[in-house]
Amino acid sequence: MKIEKITENKKQFLDLLLLADEQEDMVDRYLPNGEMFALYDNDLKSICVVVAINNETCELKNIATYEKYQGKGYGRTLINFISDFYKNSYQTMLVGTGETPTTLSFYESCGFEKSHRVKNFFTDNYDHPMFDGDIQLVDMIYLKKEL
Ligand SMILES: CC(C)(COP(=O)(O)OP(=O)(O)OC[C@H]1O[C@@H](n2cnc3c(N)ncnc32)[C@H](O)[C@@H]1OP(=O)(O)O)[C@@H](O)C(=O)NCCC(=O)NCCS
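Think of each chain on its own: its residues are numbered from 1, step by step along the sequence as written. Per-residue local features of the predicted model are confined to residues with pLDDT of at least 70, and side-chain atom pairs are confined, for both listing and counting, to 80 or more; whole-chain, interface and lining totals are unaffected and use all residues. As a rule here, side-chain values come from all non-hydrogen atoms in the structure, and water together with hydrogens is ignored.

Moving on, we get to the site of the ligand. If even one non-hydrogen atom of a residue comes within 4 Å of a molecule or strand, that residue is called near it. Taken together, 18 residues are adjacent to the ligand, and Thr65, Gly71, Gly73, Gly75 and Arg76 come closest. In the analysis that follows, any N or O atom pair within 3.5 Å is treated as a polar contact, provided that within protein one partner can donate a hydrogen and the other can accept it, and provided that, for residues neighboring in sequence, both atoms belong to side chains. Within the backbone of Arg76, an N or O atom sits 2.8 Å from an oxygen atom of the ligand. Contact with the protein chains removes 68% of the 890 Å² of surface that the ligand exposes when unbound. The rule is simple: put a 1 Å grid over the protein atoms alone, call a set of points where a 1.4 Å probe fits but cannot get out a cavity, call an open set with protein on both sides within 12 Å along at least five of seven lines a pocket, and count a residue as lining if it has an atom within 4 Å of a point. Grid points define the cavity or pocket, and a molecule sits in it when more than half of its atoms lie within 2 Å of them. Spatially, the ligand is embedded in the largest pocket. Numbering goes from the N terminus for both helices and strands, where a helix is a DSSP run of H or I of at least four residues and a strand is a run of E of at least two. For the shell around the ligand, the elements supplying multiple residues, two or more each, are helix H1 (14-20), strand E4 (57-65), helix H3 (74-85) and helix H4 (101-109). Looking at the shell around the ligand, the element that brings in the most residues is H4, giving 5 residues. Residue exposure ignores everything except the shown protein chains as possible cover, and the areas themselves are Shrake-Rupley values with a 1.4 Å probe.

On to the pattern of salt bridges, then. Any Lys or Arg side-chain nitrogen found within 4 Å of a carboxyl oxygen on Asp or Glu counts as a salt bridge. Applying the stated rule across the entire model yields 11 salt bridges. Across the pair Lys5 and Glu35 runs a salt bridge whose closest N-O atoms are separated by 2.8 Å. In this pair, Lys5 sits in strand E1 (residues 2-6) while Glu35 sits in strand E2 (residues 35-41), placing the two residues 30 residues apart along the sequence. The classification of residues rests on relative accessible area computed with a 1.4 Å probe and restricted to protein chains. Under 20% of the type maximum is buried, over 50% is exposed, and intermediate values are partly exposed. Among the residues examined, Lys5 registers a relative accessible area of 38% and is labelled partly exposed. Look at Glu35 and you get partly exposed, because its relative accessible area is 30%.

Bringing the packing of aromatic side chains into the picture now. Aromatic rings from Phe, Tyr and Trp, with only the six-membered ring used for Trp, were paired whenever their centres fell within 6.5 Å, and each pair was classed as stacked if the ring planes differed by under 30 degrees, edge-to-face if by over 60, and tilted otherwise. Taken as a whole and judged by the stated rule, the model has 11 aromatic pairs. Centre to centre, the rings of Tyr86 and Tyr90 are 5.8 Å apart; their planes meet at 50°, and the pair counts as tilted. The exposure class of Tyr90 is buried, given its relative accessible area of 16%. Geometrically, the ring pair formed by Tyr107 and Phe112 is edge-to-face, given 5.7 Å between the ring centres and 75° between the ring planes. Accessibility expressed as a relative area gives 6% for Tyr107, which makes it buried. Pairwise contacts between aromatic rings join Phe37, Phe81, Phe85, Tyr86 and Tyr90 into one cluster. Remark: a charge is flagged as sitting over a ring if the NZ atom of Lys or the CZ atom of Arg is within 6 Å of the ring centre and within 35 degrees of the ring normal. Here Lys2 stacks its cationic end above the ring of Tyr40, 4.9 Å away from the centre of that ring. Here the guanidinium or amino end of Lys45 rests over the ring plane of Tyr69, the centre of that ring lying 4.1 Å away.

The phi dihedral of Asn42 falls on the positive side, at around 65°, and the residue is not glycine. Its place among the elements puts Asn42 in the loop between E2 and strand E3 (43-52). A positive phi is found at Asn120, a non-glycine position, where the angle reads about 60°. Mapped onto the secondary structure, Asn120 falls in the loop between strand E6 (113-118) and helix H5 (121-125).

Considering only enclosed or pocket space, the largest pocket measures out at about 1200 Å³ in volume. Sort the elements by how many residues they give to the lining of the largest pocket and E4 lands first, with 7 residues. Gly is placed with the polar residues, together with every amino acid not listed as nonpolar (Ala, Val, Leu, Ile, Met, Phe, Trp, Tyr, Cys and Pro) or charged (Asp, Glu, Lys and Arg). Residue composition of the lining of the largest pocket, by class: 23 nonpolar, 13 polar and 9 charged. Grid points are joined across faces, edges and corners, and a volume is the space filled by probe spheres set on the points.

Ordered by their spatial adjacency, 7 strands build an open sheet running E1-E2-E3-E4-E5-E9-E6, and the pairing between neighbours is mixed. Strands with a single pairing partner mark the edges of an open sheet, and in this sheet they are E1 and E6. Here the strands of the sheet are splayed against their neighbours by 30° on average, with no regard to which way each runs. Pairing between two strands is assigned when DSSP locates at least 2 bridges connecting them. Note that E2 and E3 share 7 bridges and pair antiparallel. Pairing of Glu35 across the sheet is with Val50, part of E3. Most of the contacts of H3 go to E2, to which it runs at about 135°, and overall it touches E1, E2, E3, E4, strand E5 (92-97) and strand E9 (140-146). Working convention: axes come from line fits to C-alpha atoms, limited for helices to the stretch in contact. Angles between N-to-C directions cover 0 to 180 degrees. Note on contacts: a residue pair is in contact if any heavy atoms of the two residues lie within 4.5 Å.

As structure tokens, then:
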């Protein structure tokens, strides 16, 4: 298994980016300034994107594993890697997500704890109603992890 920092042509991973964030113009808001990492186990399995918020805080903006390979530990491995990668640069890593229990418990199992919410983030910023299964995403729930 290897994890590589991707510095060129980040859009080559658009299929994975859209798994976590289905509207491309929302991805375009953070991709140019984001630092991208790709996990390979023979071939590509997962990616993530991290942006700086200020001198103390960075934010995990996107993380996705190909559906076929979810639940095999790749997402957790990538979060452990970036937590270590950024621990000397930032104190805190944030991540925001819709109110979906499986994603929230994924982040909690990776060491994040609930922080705050941004009311109506999904209804205000996306051009169509966003659903995860039957659940409509309305507020953005932020979790944080001390690095
Ligand atoms: C969220 C996501 C990135 C997790 O990546 P992953 O490679 O599947 O994660 P891991 O295999 O490392 O899972 C770690 C833990 O999360 C939980 N988990 C992960 N995927 C899960 C799923 N589909 N259903 C239930 N629990 C899940 C498990 O509890 C797992 O714990 P375990 O190691 O004790 O089994 C992946 O499911 C994904 O790409 N989802 C679609 C995109 C997305 O929603 N991204 C987040 C946007 S905010």
